[in-house]
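# Secondary and tertiary structure notes
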Amino acid sequence: MKKLGVFGLIVLVFCLAMAGGCSKKVASTPAGATAAGSGDGSYGQGGLTAEQLEAQRLAELQRQAIEKIAADRIYFAFDSNELSQESRQILTDKAELLKSTPGLNLLIEGHCDERGTNEYNLALGERRARAAYEFLVLMGVDSSKMSIISYGEEYPAVQGSNEAAWSKNRRDEFKASAN
Amino acid sequence: MIRKLSLLVMLLCVAAAPVWGADVMSIDIYGPGQSRVNLFVADPLSKDSVGPLGAIPGNAPLELQQRINANCAFLPFFNMLGGRDIVGGPNPGGYVTPSIDLKKFQLSRADVLVTAAWTPRPGGVGEVELRAYEVYTGRLIVGKGYSVSTNQQVPEVAARFCADLMEALTGQGDFFRSNIAFVKKEGNRKQIYMCTAQGLNLQKVTNLDGICVSPSWSHDGQKLAFVFLDKQHHNLCVWDRQSRSLEKKRLPGNTLIAPAFTRSGSVAISLDMSGNPEIYELKPDFSVGRPLEQNWGIDVSPDFDRSGQKMVFVSNRLGNPHVFLKNLGSGEVKRVSMTGKYNTGPSISPDGTQVVFAHMVNGVHKLFLADLISGQERQLTFGGGSDEDPTWSPDGYFIAFSSSRSGPKQIYLTTKHGDEPILIPTGPGEASSPAWGKL
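Residues numbered from 1 in each chain as written. Chains lettered and ligands numbered in written order. Predicted model: local features only at pLDDT ≥ 70, side-chain atom pairs only at ≥ 80, totals over all residues.

### A closer look at the overall build of chain A
Convention followed: Helix and strand definitions follow DSSP, with helices as H or I runs of at least four residues and strands as E runs of at least two, each counted in order from the N terminus. The contact criterion used here is simple: two residues whose C-beta atoms, placed from the backbone, lie within 7 Å are in contact.
Summing up its helical and strand segments, chain A has six helices and four strands in all. Sequence-distant contacts, at least 24 apart, represent 74% of the contacts inside chain A between residues at least 6 apart.

### So, the overall build of chain B
So the rule is basically this: Just to be clear, the radius of gyration here is over C-alpha atoms, and the globule rule we use is 2.2 Å times residues to the power 0.38. Partly exposed residues are those falling between the two cut-offs: more than 12 but fewer than 20 other C-beta atoms within 10 Å of their own, whereas 20 or more means buried and 12 or fewer means exposed, with C-beta atoms placed from the backbone.
On a plain count of helices and strands, chain B comes out with three helices and 31 strands. In terms of overall dimensions, chain B is globule-like: its C-alpha atoms have a radius of gyration of 24 Å, near the 22 Å expected for 439 residues. Judged by the C-alpha coordinates and their principal axes, chain B covers about 75 × 45 × 40 Å. Across the 439 residues in chain B, those meeting the buried criterion constitute 47%. The long-range share in chain B, meaning contacts at least 24 apart out of those at least 6 apart in sequence, stands at 45%.

### Concerning the pairing of strand β16 (residues 267-271) of chain B
All names here are of chain B. The criterion, for reference: For two strands to count as paired, DSSP must find a minimum of two bridges between them.
Taken across its five residues, β16 has five buried, putting it largely inside the fold. Across the two faces of β16 the burial is the same, with Val267, Ile269 and Leu271 and Ala268 and Ser270 all buried. Where strand β15 (residues 256-261) and β16 come together, four bridges link them in antiparallel fashion. What sits directly across from phenylalanine 261, in β16, is valine 267. Counting the residues between successive antiparallel strands, the hairpin from β15 to β16 contains five residues, one of them, glycine 265, with a positive phi of roughly 100°.

### Side note on the nonpolar core
Looking at soluble globular proteins, one finds that nonpolar side chains tend to be buried together. Residues and elements named next belong to chain B. We count it as follows: Structurally, a nonpolar core is described as a collection of buried Ala, Val, Leu, Ile, Met, Phe, Trp, Tyr and Cys residues joined by way of C-beta atoms within 7 Å. Domain start and stop points were drawn from an automatic or database domain assignment.
One finds Cys162, Ile180 and Ile269 to be the most contacted residues of the largest nonpolar core, which totals 149 residues. In terms of residue count, the dominant contributor to this core is helix α3 (residues 154-170) (eleven residues). Counting contributing residues per domain, this core is built from domain 1 (9-171) and domain 2 (179-438), each supplying no fewer than three. Look past the residues within four positions of isoleucine 180 in its chain and what remains in contact with it is Met194, Cys195, Ala197, Ala400, Ile411, Ile424, Pro434, Ala435 and Trp436.

### Notes on the sheet that holds strand β4 (residues 171-178) of chain A
All names here are of chain A. Just so we agree on the cut-off: Axis definition: a line fit to C-alpha positions, over the contact stretch in the case of helices; interaxial angles, taken between N-to-C directions, run 0 to 180 degrees.
The sheet built from four strands is open, its strands ordered β1-β4-β2-β3 with mixed pairing. Each end of this open sheet is capped by a strand with a single partner; those strands are β1 (74-75) and β3 (146-152). As paired strands, strand β2 (residues 104-111) and β3 are joined by six bridges and run parallel to one another. Across the sheet, the residue bridging to isoleucine 108 is isoleucine 148, located in β3. Contacts from helix α3 (residues 50-71) reach β2 and β4 within the one sheet, and its direction differs from that of β4 by about 170°.

### Looking at the interface of chain A and chain B
Note the following rule: Amino acid classes used here: Ala, Val, Leu, Ile, Met, Phe, Trp, Tyr, Cys and Pro are nonpolar; Asp, Glu, Lys and Arg are charged; the rest, including Gly, are polar.
The interface of chain A with chain B comprises 19 residues on the first partner and 29 residues on the second. Of all the secondary-structure elements, those providing two or more residues to the side of chain A that touches chain B are α5 (118-138) and β3 of chain A. Per element, the largest residue contribution to the side of chain A that touches chain B is eight residues, and it comes from α5(A). For the side of chain A that touches chain B, a count of residues per class yields eight nonpolar, four polar and seven charged.

### Brief notes about the packing of helix α1 (residues 60-73) of chain B against α3(B)
Residues and elements named next belong to chain B. Under the convention used in this document: Reported orientations rely on four angle classes, namely roughly parallel under 35 degrees, roughly antiparallel over 145, roughly perpendicular from 65 to 115, and oblique for the rest. By definition, turning the near helix anticlockwise from the far helix through less than a right angle yields a left-handed crossing, and turning it clockwise yields a right-handed one.
The interhelical angle for the contact between α1 and α3, taken along N-to-C directions, is 45°, at an axis separation of 9 Å. The angle between α1 and α3 falls in the class oblique. Crossing angle aside, the handedness with which α1 passes α3 is right-handed. Between α1 and α3, the contacting residues are Ala60, Glu63, Leu64, Arg67, Ile68, Asn71 and Cys72 on the first element and Val154, Pro155, Val157, Ala158, Ala159, Phe161 and Cys162 on the second. In terms of residue class, the contact of α1 with α3 is made up of eleven nonpolar, one polar and two charged.

### Some details on the domain arrangement of chain B
Residue and element names in this part refer to chain B. Its domain assignment divides chain B into domain 1 (9-171) and domain 2 (179-438). For domain 1 versus domain 2, the distance between C-alpha centres works out to 36 Å. With nine residues of domain 1 at the contact, the number on the domain 2 side is nine residues. Looking at the side of domain 1 that touches domain 2, its residues break down into six nonpolar, three polar and no charged.

### Details of the confidence of the model for chain B
Residue and element names in this part refer to chain B. Selection rule: Across the chain, each position has a pLDDT score giving the predictor's confidence in that residue, from 0 to 100.
Across chain B, the average pLDDT comes to 91, with 93% of residues at or above 70. Long-range and interchain partners of residues 1-22, a stretch whose pLDDT sits below 50, account for 31 contacts in this model, where long-range means more than four residues apart. Quick note on the complex model: pTM equals 0.85, ipTM equals 0.85.

### Focus on α3(A)
All names here are of chain A. This is how it is decided: By definition here, a helix of n residues has an expected span of 1.5 Å times n minus one. Read the arc as the range of directions from the helix axis to the C-beta atoms.
In a regular helix each residue adds 1.5 Å, so 22 residues correspond to 32 Å; α3 covers 31 Å between its end C-alpha atoms and thus fits that length. Listed in full, the buried residues belonging to α3 are Gln62, Ala65, Ile66 and Ile69. What you see down the axis of α3 is that its buried residues fit within an arc of 105°, all on one side. Exposed side of α3, more than 90 degrees from the buried face: Arg57, Glu60, Gln64, Glu67 and Ala71 are the residues found there. Structurally, α3 contributes buried residues whose contacts are with α4 (85-100), β2 and β4.

### Digging into the environment of His111(A)
Residue position: His111(A) is located in strand β2. Between the C-alpha atoms of His111(A) and Asn179(A), which are 68 residues apart in sequence, the distance is 25 Å.

### Observations concerning the packing of α4(A) against α5(A)
All names here are of chain A. In contact at an axis separation of 10 Å, α4 and α5 are set at 55° when each is read in the N-to-C sense. By the angle class used here, α4 and α5 are oblique. Like other packed secondary-structure pairs, α4 and α5 cross with a definite hand, here right-handed. In this structure, α4 contributes Arg88, Leu91, Lys94 and Ala95 to the contact, and α5 contributes Ala132, Phe135 and Leu136. Partitioned by chemical class, the residues of the contact of α4 with α5 number five nonpolar, no polar and two charged.

### Let's talk about the sheet that holds strand β20 (residues 310-315) of chain B
All names here are of chain B. The strand order across the open sheet formed by four strands is β19-β20-β21-β22, and the pairing between neighbours is antiparallel. Edge positions in the sheet fall to β19 (299-304) and β22 (333-335), since each has one partner strand and no second. Averaged over neighbouring strand pairs, the angle between their axes works out to 25° when direction is ignored.

### Focus on the environment of Leu136(A)
All names here are of chain A. Its place among the elements puts leucine 136 in helix α5. In sequence terms leucine 136 and arginine 88 are 48 residues apart; their C-alpha atoms lie 9.3 Å from each other. Discounting residues that sit within four places of it in the chain, leucine 136 has contacts with Leu91, Lys94, Ala95, Val141 and Met146.

This is the structure:
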């Protein structure tokens with residue numbers, strides 16, 4: 001999944017680079033031609049069209065939202081999928097971001113620590129991801145923009161066989177991407 | 001693989017006495033306890049007692065002796081004797097009675113003696129006659145001849161002879177005719193592998209970009225189901241052993257957990273279509289069929305007995321994960337694991353009388369065995385590390401499981417009696433989730 005996140009960033013950077021490329025083309029347009037334009041506001045700051053500016057603004061908005069959404073994970077007690085007060089607050093913030101940022105999809109990953117057994121942990125990971133999903137739906141996030149996956153104990157965030165590691169591994173991760 | 005081997009197996013002319021005669025040695029592996037017999041595998045001899053063993057190319061005679069020794073060491077009812085244990089030296093003096101000096105083996109408390117007699121074979125490795133004698137009576141327990149074309153056939157010869165020996169003594173030789181699929185960690189990926197129960201014929205089954213989990217064999221040992229986690233989805237995979245083809249299916253819902261074949265050959269699997277993992281039976285086209293168990297809680301890890309009537313599974317309907325048994329005929333569900341707060345990964349014995357599962361004790365898992373007839377529950381494995389993913393052998397005697405008792409997870413073997421676990425060598429890399437199937 002990390003690879004996917006990196007891939008998403010690469011795509012984003014590529015899009016921005018393309019947008020930059022377009023601006024150069026516009027900038028190379030003779031000044032007279034611009035002056036001879038209709039003056040209807042179709043060219044804006046730096047020679048970008050309004051649409052391009054809007055797309056750039058949206059892409060930046062999305063990039064920031066994707067970063068913020070991924071930054072805060074939520075954590076669980078052993079063999080539990082209950083959302084803590086802190087988790088609810090984190091999810092509330094994410095819901096606001098998701099609602100205020102158009103064009104985002106969200107993949108919620110449920111993870112477990114190594115202590116449980118593999119198959120039951122896949123079920124528990126599903127319950128953890130679903131707990132966040134259902135909370136976000138309640139907060140008004142469009143359910144069709146979200147999906148969940150359980151990885152059980154397969155991708156620990158922290159290596160180690162102690163409570164410090166386990167408590168960081170019983171988690172939901174949030175991978176947003178622009179559609 | 002076996003069919004491809006051009007082994008010429010022939011019953012020796014020496015007639016074996018009826019195996020189940022009143023005073024014939026036998027080992028009850030299913031009873032409450034089991035007797036142990038002392039086994040000695042003699043050094044290989046030349047059949048004509050003139051020609052040197054060196055006429056056999058390669059190291060086949062010695063390798064065969066070592067393989068038979070290693071195979072028998074997997075069987076907890078054998079106590080393996082070494083050459084130093086034999087009073088007057090290990091040379092049997094001959095490979096067939098009456099030329100064998102049985103007295104010194106009797107004095108050395110050997111119960112079973114295995115002899116090997118080789119003759120060179122032009123264009124091949126040689127021909128070998130293997131015999132197992134009951135030392136006390138001199139009775140021939142097993143006598144078989146094998147024509148060995150290549151050195152690569154030696155492990156197969158050893159496995160076949162040991163299967164016959166085990167069958168003659170216990171009535172059951174499937175241990176050497178079965179195999180184990182398991183999950184092996186390779187970097188960030190996990191792949192499916194398989195090998196014999198002694199760790200031979202190691203084969204890589206999958207090469208997928210992701211995590212393979214929960215392999216499970218069909219009852220005829222021809223199909224292997226498992227779940228593959230890719231970067232976005234869970235997929236059901238079914239591998240056909242004959243054609244070596246892999247089918248990969250997306251199913252409804254987000255989460256696919258722990259497939260298992262029913263007696264009729266369909267796949268049972270947990271799906272979260274209703275927002276909660278429940279166990280469904282799939283139709284032959286992998287569309288979702290009837291639910292086998294539905295509850296408000298998590299229901300995962302089904303396993304079926306040979307009759308197909310009993311299904312064990314894990315549910316957290318009582319607040320913590322516990323093992324339950326469902327009678328698929330009557331629909332009755334009853335709790336199996338009665339102690340502790342975390343009991344998972346059940347496997348039901350083929351005869352449907354016992355369930356082995358992982359029980360969490362002080363943060364690690366140990367194997368427990370529940371007897372469905374008496375209702376008694378007892379601990380099977382002890383020591384350090386965590387013991388998980390138990391699976392019954394097709395003969396209902398052995399139990400394979402994964403354990404971290406020596407560091408990274410590896411596959412071990414114990415029995416329904418809780419015999420000292422033996423490592424099944426599976427090469428470098430963590431190995432887990434064994435699934436036992438027929439060869």
